[in-house]
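For reference, the chains in residue letters:
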Amino acid sequence: MDTGEDLTESSLLVVVLDVGLSRATTLRNDPVLAGQVLEAVIAFSNAHMMMRLKNLLALVACDTETTEWIYPERKADMSDLRQQDGQHELFNELERTVRRKIAQLLKRSAGSNSKGESMLSGALGRALCYVHRMQQEERQLNARVLVVTANGQSVSQYMNFMNVFFTAQKQNVLIDVCCLGPESSLLQQGCDITGGQYFRPPQPQGLLQYLLWVFLPEPLLRNKLALPPRVKVDYRAACFCHRELVDIGFVCSVCLSIVCKFSPICTTCHTLFKNPGTLPIKPKRKKAKMV
Amino acid sequence: MTSSEDVLLQVSNVRYQKKTGTLYVMNERLAWMMDNRDTVSVSHRYADIKLQKISPEGKSKIQLQVVLHDSAASTFQFTNVGGQAEQIRERDSVKDLLMQLLPKFKRKVNKELEEKNKLLTDNPTLLQLYKDLVISKVITSEEFWAQHAPKYVKENVGNKQPIGVSGAFLADIKPQTDGCNGLKYKLTSDIIESIFKTYPAVRRKHMEYVPHKMSESEFWTKFFQSHYFHRDRIHSGNKDIFTECAKIDDQDMDKEIDSGIKDPLVDINSFGDTTFSEGFGVGSDTSANSHTGNIVHQNMIKRFNQHSFMVLKACQHSITENGTAENGQKDAHTSSTVAKDDGDDEDVTVIKKRRIQEKLTYDDLESSSSNVAACLNLSRVDRYLHGPITDTNSSTDVPAEKVSSSVMRELIRLMESPLGSSHRNPAALITPALAINAVGELSPGGSLMKGFQHEASASMTPADIETDLKTLYLSVCELLRHFWACFPPTTPQLEEKATTMHETLHRFHAAKLKPFEDRVIRECSPLSHNITSHLNQLLNSAYRKFAIWQQRKMQHFR
């Protein structure tokens, strides 16, 4: 029935794939494993498309220099859209496109010899823009972003990440993170803020199973399933002067910069502050002395 | 007399059981002392007295009987030498005094118990607390009512609103024909109350005439017979007790009309029923303002106006008596006072504008005043934009290594094949063993699902244990509330209370919590102590606080 179809919600999944391998300790020396990871991601994307006819998928890849839009392509190359071993054309097209474009991206980055942090926040930004566009086009849409990364923390992009996370929160977009490398507290914060799932598979070889179990369910279904419990997130801010995480500090009320020790002039905005001195001590009650 | 109560009334020549003596009416009791004695023979507390009776009129003996709750009765005979009238007077004075005093004491004893019962039945939480704390002897019943119940008691005490007067109350007294040309009027105390409120003159008459000159029924019969009540008030000729009332009413009306309407927004003159007469008003003005109307009609209209006026005045009086004022009344008063003070036209318009403005604007719907924001001058703009970068994190970070070209080549080669390896060999994606491993880790109880113990226990508890746990929480939280309210103990009473509450908590722990835990372990062992761990935590922190406080006290006293 047409009315039935209109009422179902479609689910948009945007996969953000971090292809920068220079900091990925587990993957940079093991191409087979890296290839397996990529294939698992593709299979997972197919599984998502298989869940419902109206589901949508997008893929963004990023490495140390660029972010690249992988899927869906603007100009579809229809040349080799022939069925092979009975696979559904959609899945076929998806796989071919993704593999081709990632190969192109890898070739470019191999040629440029760059190393460093990946442009993950930029890729997330592009993903959110796509989500925003699809939310205008589709009437009922729930969107989530899956970040697959093998790199650790990208501290230099702290502010960008925070902007992305809060934007996603405003747009009701979940950000899931599948972290193959070292723990990233920044991404953990993002998952916590948006309500997504942060997961670190103990064995990268079994990645597909982990992905299917943890990240395939839609947001509404998740609270009915027993998924891995939320981790305790370290929300401590870093002070501006020493760049160390502080529990208790001083905040400038004008520019909101955090410092660990009091200074009469805020270093960022030059506001003057009065010295608070010591904290006021409550006058001790005099107890009656026994004679 | 050795008692310390005040003697309100003393009547001599009162006989009790054939002996003469003196009757004393005191603050809390009624006492009778025989002549030539100095100890009281008979004494009855007002609280014990159920009711008093007087001998009917016409009997030779003038007696007053006091009936107690346990059906014992004492009869006092008034034997004043001055004669029956004196005796009657004395007896009536005693009776009146008792009538005032008895109600105060009468209901106290039962009422307390009744109130307590009502409270317990109305608040099931209070009942539960009572059962847990008092019946298991954790705290005594007096402590319970003193400390824990007042919160619930206070809810019942509210401001009683005065009941207004219905405009139709006189009409509601529907007369019933008696069969033989008579009319029966049914009067209830509410109607009487309304009549008194509306017509204070009638109340004055009532107080004068009843019960001395005539009885209640006679008074009301006269009232209904008089033309004062009926719509045709031809009261010039009759010698009725109510003619005065009518005259007073007339005078009141005239006074009010003279003083005029003080509300500037009300324009009485525009109430006229002006219609376009024949000829669309151009013709001669005939019927609108003529006074050729029936006298009877005019009288009736005057009656209506008077009645409404008295009803409104009654409500106004009751409001100002109680000290609170309705908004409309208040406005009328304030605006009237302002008008009276200045009496200028200008002020009248100001008052009118103010009144209209009050009706138009709602203060809490208006937006609050906007704050003037300070301008942000940044010197280190990059700091503001990019935030702090934690150095420590980056130091522990993995140093970026260039990926070896061979690896890259291999990877590119893998990726360049249009279809993945899974097409040839499905197990290349994931081996079954690894998949099963992953599933095992992710299932409840697996290595990745560690935080779920507490959540699962909620579904495992049987219903009766759950309810018991809830009641335990209720009692513990109530006791802890009182305990923590004692800190910091600034007065000796608070210190005492803290000590008693501490002991109470220990008693509760032993009497209620331990058996519950044992029961849980016996009946539902997978839960074990997790379910009561929070309760234990609460109690332990209370014990700790008490211990620290005791320690500090000891240190100070050294």
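Small disclaimer: the values here were computed from a predicted structure and weren't measured.

Thresholds, definitions, all that
- Residues numbered from 1 in each chain as written.
- Chains lettered and ligands numbered in written order.
- Predicted model: local features only at pLDDT ≥ 70, side-chain atom pairs only at ≥ 80, totals over all residues.
- Heavy atoms only, no water.
- Helix = DSSP H or I, 4+ residues; strand = E, 2+ residues; numbered from the N terminus.
- Buried < 20%, exposed > 50% of the residue type's maximum accessible area, 1.4 Å probe, protein only.
- Contact = heavy atoms within 4.5 Å.
- Buried area = accessible area lost by both parts, 1.4 Å probe.
- Salt bridge = Lys/Arg side-chain N within 4 Å of Asp/Glu carboxyl O.
- Polar contact = N/O pair within 3.5 Å; in protein donor to acceptor, adjacent residues only side chain to side chain.
- Nonpolar A, V, L, I, M, F, W, Y, C, P; charged D, E, K, R; others polar.
- Disulfide = S-S within 2.5 Å.
- Pairing = 2+ DSSP bridges.
- Axes fitted to C-alpha atoms, helices over the stretch in contact; angles between N-to-C directions.
- Parallel < 35°, antiparallel > 145°, perpendicular 65-115°, else oblique.
- Left-handed = near helix turned anticlockwise from the far one by under 90°.
- Phe/Tyr/Trp six-rings, centres within 6.5 Å; stacked < 30°, edge-to-face > 60°.

Visitor: Can you tell me about the overall build of chain B, naming the residues and giving the values?
Guide: Along the backbone of chain B there are 21 helices and nine strands. Buried residues in chain B amount to 31% of all 558 residues.

Visitor: Tell me what's going on with the interface of chain B and chain A, and back it up with residues and numbers.
Guide: Contacts between the two partners involve 59 residues from chain B and, on the opposite side, 66 residues from chain A. Of the roughly 5900 Å² buried where chain B meets chain A, counting both sides, 65% is carbon and sulfur surface. Glu 416 of chain B is the salt-bridge partner of Lys 107 of chain A, the closest N and O atoms lying 2.8 Å from each other. At the surface where chain B touches chain A, the tally comes to four residue pairs in polar contact (both at pLDDT 80 or more). Broken down by secondary-structure element, the contributors of at least two residues to the side of chain B that touches chain A are helix H14 (381-386), helix H15 (391-396), helix H16 (405-416), helix H17 (432-442) and helix H21 (533-557) of chain B. When residues of the side of chain B that touches chain A are assigned to their parent elements, the largest contribution, eight residues, is made by H16 of chain B. Tallied by class, the residues present in the side of chain B that touches chain A amount to 32 nonpolar, 16 polar and eleven charged.

Visitor: Tell me about the pattern of salt bridges, residues and numbers included.
Guide: Residues and elements named next belong to chain A. Evaluated as defined, the whole model comprises 17 salt bridges over all chains. Among the salt bridges present, the one from Arg 99 reaches Glu 39, with a minimum N-O distance of 3.4 Å. In this pair, Arg 99 is assigned in helix H3 (residues 89-112) and Glu 39 in helix H2 (residues 31-51), connecting sequence segments 60 residues apart. Each member of the pair, Arg 99 as well as Glu 39, is classed as buried.

Visitor: Got a sec to walk through helix H6 (residues 185-194) of chain A? Specific residues and values, please.
Guide: All names here are of chain A. A large share of H6 lies buried, amounting to eight of its ten residues. Every buried residue of H6 is accounted for by Leu 186, Leu 187, Gln 188, Gln 189, Gly 190, Cys 191, Ile 193 and Thr 194. Contacts made by the buried residues of H6 are with helix H4 (120-137), strand S4 (141-149), helix H5 (158-170), strand S5 (174-179) and strand S6 (198-199). Residue Gly 195 follows H6 closely and has a positive phi angle near 90 degrees.

Visitor: Tell me about the state of the cysteines, and name the residues and values.
Guide: Linking two cysteines covalently via their sulfur atoms produces the bond known as a disulfide. Residues and elements named next belong to chain A. Under the counting rule described, the total for this entry stands at zero disulfides over all chains. Left unpaired, Cys 178 is separated from the closest cysteine sulfur, that of Cys 179, by 7.7 Å. Classification of Cys 178 as buried rests on a relative accessible area of 0%.

Visitor: With reference to specific residues and values, describe the sheet that holds strand S1 (residues 7-16) of chain B.
Guide: Residue and element names in this part refer to chain B. Pairing in this open sheet of seven strands is antiparallel, and the strands run S4-S3-S2-S1-S7-S6-S5 from one edge to the other. On the outer flanks of this sheet lie strand S4 (40-45) and strand S5 (49-54), each paired with one strand and no other. Shown here is a sheet whose adjacent strand axes are inclined to one another by a mean of 30 degrees, direction ignored. Pairing analysis gives five bridges linking strand S6 (residues 63-68) to strand S7 (residues 73-78), with the strands arranged antiparallel. What sits directly across from Val 66, in S7, is Ser 74.

Visitor: So what about the sheet that holds S6 of chain A? Which residues, and what values?
Guide: Residue and element names in this part refer to chain A. Strands sit in the order S3-S2-S1-S4-S5-S6 across an open sheet of six strands; the sheet is mixed. In the strand order of this sheet, the two ends are held by strand S3 (67-71) and S6, each with one partner. Of the pairings in the sheet, the one linking strand S1 (residues 10-18) to strand S2 (residues 56-62) comprises seven bridges and is parallel in character. When the bridges of S2 are listed, Leu 12 appears paired with Leu 56.

Visitor: Outline the packing of helix H19 (residues 463-485) of chain B against helix H20 (residues 492-523) of chain B, supporting the account with residue identities and numerical values.
Guide: All names here are of chain B. The interhelical angle for the contact between H19 and H20, taken along N-to-C directions, is 165 degrees, at an axis separation of 9 Å. Taken together, H19 and H20 sit at an angle that is classed as roughly antiparallel. For the pair H19 and H20, the sense of crossing is left-handed. The residue inventory of the contact of H19 with H20, partitioned by class, reads 16 nonpolar, four polar and six charged.

Visitor: Tell me about the packing of aromatic side chains, and name the residues and values.
Guide: Applying the stated rule across the entire model yields 13 aromatic pairs over all chains. Ring centres 5.9 Å apart and planes at 65 degrees place the aromatic pair Phe 250 of chain A and Phe 262 of chain A in the edge-to-face group. Residue Phe 250 of chain A is located in strand S9 (residues 250-251), and its partner Phe 262 of chain A is located in the segment after strand S10 (258-259); the two are separated by twelve residues in the primary sequence. Each member of the aromatic cluster is reached from another via a ring pair, and the members are Phe 483, Trp 484, Phe 487, Phe 546 and Trp 549 of chain B.

Visitor: Any details on the pairing of S1 of chain B? Residues and values, ideally.
Guide: Residue and element names in this part refer to chain B. Of the pairings in the sheet, the one linking S1 to strand S2 (residues 19-26) comprises seven bridges and is antiparallel in character. What sits directly across from Val 14, in S2, is Gly 21. The antiparallel hairpin formed by S1 and S2 contains two residues in its connecting segment, where Gln 17 sits at a positive phi of about 55 degrees. Note that S1 and S7 share two bridges and pair antiparallel. When the bridges of S7 are listed, Arg 15 appears paired with Gln 77.

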